[in-house]
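The primary structure of each chain is shown beneath.
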Amino acid sequence: MNHAKKPDPRKRKVILAAGMAAVVAGLGTVAGVSFADADAANPAGFSDDFGDGDTAGWSKSGGTWSVTDGELRQSKSGATLAREFAGSTDWTDYTVQAKVDPLAVATGGYAGIVARATSSTSFYRLALTGGNKVRLESVKSGTATVLSEAAVTVTAGASYTLGLTVSGTTLSGSVNGATIVTGTASTSGRGRIGLLTYDATAAFDDVVVTTSGTAPTTSPTATATASPTATATASPTATTGGKFESSPIGFGAGTTGGAGGETVAITSLAQLITEAASDGPKVLQLSSVLKGSGSDQVVVSSDKTIVGVGANAGLTGAGISIKKASNVIIRNLKISFALAPVDLIAAQKSDHIWIDHNELFNDTTHDKDFYDGMVDLTHATDFVTVSWNHLHDHHKGSLIGHSDSNAAEDTGHLRITYGHNWFDNVASRLPRVRFGTVHLYDNLFSNAETSGIHCLMNAQCLVQNNVFVNVKLPVWTTEDSDEDGFAVISGNDFGGQAPVITQTGTFTAAPYAVTLEPASSVSALVKAGAGTGRI
């Protein structure tokens, strides 16, 4: 991309919105493109090279945007989701193309283009990532599903011409004129175009929208530093290379939360409490930290997603309680400083729960009973996946099964998967398990002064490819309960400590497909991916 100022800035911009067809129809033709065709139902002919120095016709959502030297630049760094949208929500089948210059992209960041945007958090996205990928995704209410990806060397300062084509349920993405990712999705049938970054700064230029039979008004310039080396055509389920699950893997599989329901922007704790307890599916989006008294609880009913937008949304002085509910997702939230007996996240008599990419913490300066647990799953709660969370600085980590005397209710339930979590400076309960069937794989446990995974009361624990650093009793099945538990271990790095296993279990393989990373790569993988601001 040429960063020098354009000497003769001639604008080819059409502001297209519903109701503007009559204005557009009178514009005639420019450079062979018929603007008479570029109405609210037909995007052919929309183009913008930002040569006039403004962003008229574009609407901003997040970030710091400006036109500099004939380019549209997003200059706010850090874990910020920044978007600019243009066009009409009535547009259906088309190709959007733009030159994208990723100036600085973090490992988990990206810069790209958008098609069929129905809101600031629902669209199709083609983006260059800091992990040297081009990724095609369907994003609904802030939750991304990877449709396809391929390897591309992403170099800061280089220009890439990205093209995203949407036709019915078929999507395809190109880099420098070569189609390298394809997929299918039915999330959105129409919507606007957009430009976006996350944890990145970037410049954009020469935005062109065409339909079948029309040609772009600018020619792609092949300036990428390397050609794609692989093409993916199916949605990935592994987590290597910074790819995160778009739906839960493990016992919580099938959990969809509030998908298909209303999306509600949450601005106060009182509003969150009301909406979380309401009937019907809903996606509740937080964009800031909501403050409670220390003893406040958000009680969640069935078919709800509570998700943070960005990296710094969540709760302080309040916890989330899932009671007698089914189909609940908690994602991308920072939750802290709820006073005992309030847990940061707790579930009772509930099923199908996904707890993903959250940061949970308190402090260790108070007595161990000053706060309660961070993730406590009790009273026959079932089918749960806990993934990619960062839990730190606390005495009590995660409790599964609350009492030795609750066998009648808990036996046959408490089926839970822990994958890619980081427990750091958490003294014990990593987790502590009674009666449950629990699979723990590719987790990182560091600096636990008391104990690690504690399986009791006939619990069955399958412990695979985890890493323990400065953890006493990394896995043990005895003491502190009336009956011992069972454990099967493989592929773990215990950091020189010895597990204490009194009974070998019968839970020897997960009843679902899962990709196990070698223990040698777990620490770096989890540290790079766990916590908020990654999805």
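Conventions and cut-offs
- Residues numbered from 1 in each chain as written.
- Predicted model: local features only at pLDDT ≥ 70, side-chain atom pairs only at ≥ 80, totals over all residues.
- Heavy atoms only, no water.
- UniProt positions renumbered as here; feature names shortened; annotations may be inferred.
- 1 Å grid on protein atoms, 1.4 Å probe; cavity = no way out; pocket = protein on both sides within 12 Å on 5 of 7 lines; lining within 4 Å.
- Points joined across faces, edges and corners; volume = space filled by probe spheres on them.
- Helix = DSSP H or I, 4+ residues; strand = E, 2+ residues; numbered from the N terminus.
- Nonpolar A, V, L, I, M, F, W, Y, C, P; charged D, E, K, R; others polar.
- Disulfide = S-S within 2.5 Å.
- Buried < 20%, exposed > 50% of the residue type's maximum accessible area, 1.4 Å probe, protein only.
- Phe/Tyr/Trp six-rings, centres within 6.5 Å; stacked < 30°, edge-to-face > 60°.
- Arc of directions from axis to C-beta.
- Polar contact = N/O pair within 3.5 Å; in protein donor to acceptor, adjacent residues only side chain to side chain.
- Contact = heavy atoms within 4.5 Å.
- pLDDT = per-residue confidence, 0-100.
- Core = buried A, V, L, I, M, F, W, Y, C linked by side-chain atoms within 4.5 Å.
- Pairing = 2+ DSSP bridges.

In the annotation of an unreviewed UniProt entry, the protein is listed under the name Pectate lyase domain-containing protein and assigned to Actinoplanes ianthinogenes. What UniProt records for the protein under Subcellular location (unreviewed entry) is the sentence "Secreted".

Student: In this structure, what is going on with empty space enclosed by the protein? I would like to understand it.
Tutor: Empty space among the atoms becomes apparent when a probe as large as a water molecule is rolled across them. By the definition in use, this model includes two cavities of 30 Å³ or more. If you go around the largest cavity, you meet 16 residues; those closest to its centre are Leu81, Gly142, Val309, Gly310 and Ile535. Mapped by element, the contributors of at least two residues to the lining of the largest cavity are strand E9 (122-129) and strand E19 (304-308). Looking at the lining of the largest cavity residue by residue, the class counts come to eight nonpolar, seven polar and one charged. Considered as a void within the structure, the second largest cavity measures approximately 50 Å³ in volume. Around the second largest cavity sit Glu245, Pro248, Ile249, Trp354, Thr385, Ser387, Gly419, His420 and Tyr441, which together line it. Classifying every residue of the lining of the second largest cavity gives four nonpolar, four polar and one charged.

Student: I'm lost on the state of the cysteines in this one. Help?
Tutor: Disulfides are covalent bonds that link the sulfur atoms of two cysteine residues. Summed over all chains, the structure comprises one disulfide. The disulfide partner of Cys455 is Cys461, and the S-S distance across this bridge is 2.1 Å. Between Cys455 and Cys461, the S-S dihedral sits near -120 degrees, and the bridge is therefore left-handed. Each of the two residues, Cys455 as well as Cys461, counts as buried.

Student: How do you make sense of the packing of aromatic side chains when you look at a structure like this?
Tutor: The way to describe two aromatic rings as a pair is by their centre distance and the angle between their planes. This structure, assessed with the given rule, holds 16 aromatic pairs. Ring geometry for Phe244 and Trp388: centres 4.8 Å apart, planes at 70 degrees, overall edge-to-face. Linking Phe244 in the loop between strand E15 (192-210) and strand E16 (262-266) with Trp388 in the loop between strand E27 (382-387) and strand E28 (390-396), this pair joins segments that are 144 residues apart in sequence. Here a set of aromatic residues connected by ring pairs shows up, and it is made of Phe46, Phe50, Trp58, Trp91 and Tyr94.

Student: Help me understand helix H2 (residues 269-276) in this model?
Tutor: Helical geometry note: an α-helix holds 3.6 residues per turn, so side chains three or four residues apart project in the same direction. Among the residues of H2, Leu269, Leu272, Glu275 and Ala276 are the ones counted as buried. Down the axis of H2, the buried set is contained in an arc of 130 degrees. They therefore lie on one face. In H2, the exposed positions angled more than 90 degrees off the buried face are occupied by Ala270 and Thr274.

Student: Sorry, what's going on with the side chain of Ser278 here?
Tutor: Mapped onto the fold, Ser278 is located in the loop between H2 and strand E17 (282-286). Among the polar contacts made by the side chain of Ser278, one reaches the main-chain carbonyl oxygen of Glu275 at a distance of 2.6 Å. If sequence neighbours within four positions are ignored, Ser278 has contacts with Ser301 and Lys304.

Student: Just to check I follow, could you spell out the environment of Ala253 for this structure?
Tutor: Take Ala253: it is sitting in the loop between E15 and E16. Dropping the residues within four chain positions of it, Ala253 is found in contact with Pro248, His352 and Thr385.

Student: So what exactly am I meant to see when it comes to unusual backbone geometry here?
Tutor: Residues apart from glycine generally show negative phi values, whereas peptide bonds are mostly found in trans. With an omega of 10 degrees, the peptide bond running from Ala340 to Pro341 counts as cis. Its place among the elements puts Pro341 in the loop between strand E22 (334-336) and strand E23 (345-348). Cis rather than trans, the peptide bond between Leu430 and Pro431 has omega equal to 0 degrees. Tracing the backbone through its elements, the reader meets Pro431 in the loop between strand E31 (422-428) and strand E32 (432-434). Here Leu473, not a glycine, exhibits a phi torsion of approximately 45 degrees, which is positive. With a relative accessible area of 26%, Leu473 lands in the partly exposed category.

Student: Help me out: how do you make sense of the confidence of the model for the protein in this one?
Tutor: Low pLDDT means the predicted atomic positions in that stretch should not be read closely. Mean pLDDT over the protein stands at 86; residues scoring 70 or higher make up 86%. Throughout residues 4-39 the model reports pLDDT below 50, and contacts reaching past four residues in sequence, or to other chains, amount to 73 contacts. Predicted confidence for residues 213-242 stays below pLDDT 50, and this span has 67 contacts to residues more than four positions away or in other chains.

Student: Would you take a moment to explain the nonpolar core for this structure?
Tutor: A general trend in soluble globular proteins is that nonpolar side chains are found buried together. By size, the foremost hydrophobic cluster in this structure holds 60 residues, and its most contacted members are Leu272, Leu286, Ile306, Leu315, Ile320, Ile322 and Tyr418. No other element matches strand E20 (residues 314-323), which puts four residues into this core. Setting aside anything within four residues of it in sequence, one finds Ile306 in contact with Leu272, Ala276, Leu284, Leu286, Val300, Ile329, Ile330, Arg331 and Leu333. One finds Leu72, Ala82, Leu136 and Leu162 within the second-largest nonpolar core, a separate group that totals 40 residues.

Student: What am I meant to see in the environment of Gly491 here?
Tutor: Positionally, Gly491 belongs in the loop between strand E39 (486-490) and helix H4 (519-529). Exposure remark for Gly491: the relative accessible area of 47% places this residue in the partly exposed category. When the C-alpha positions of Gly491 and Glu517 are compared, they lie 9.4 Å apart, and in sequence the two are 26 residues distant. In this structure, Gly491 is in contact with Asn465, Asn466 and Ala519, ignoring residues within four places of it in sequence.

Student: For this particular structure, what's the right way to read the pairing of strand E5 (residues 65-68)?
Tutor: On any regular strand, side chains alternate: one points to one face of the sheet, the next to the other face. Sheet analysis places E5 next to strand E6 (residues 71-74), joined by four bridges and oriented antiparallel. Bridging from a neighbouring strand, Val67 pairs with Leu72 of E6. Count of turn residues in the E5/E6 antiparallel hairpin: two residues, of which Asp69 carries a positive phi of about 50 degrees.

Student: Can you walk me through the layout of surface pockets in this structure?
Tutor: Estimated volume of the second largest pocket: approximately 400 Å³. In terms of lining, the second largest pocket is formed by 22 residues, of which the most central are Thr143, Thr145, Ser246, Thr256 and Ala259. Elements supplying a minimum of two residues to the lining of the second largest pocket: strand E10 (133-140), strand E11 (143-151) and strand E21 (326-331).

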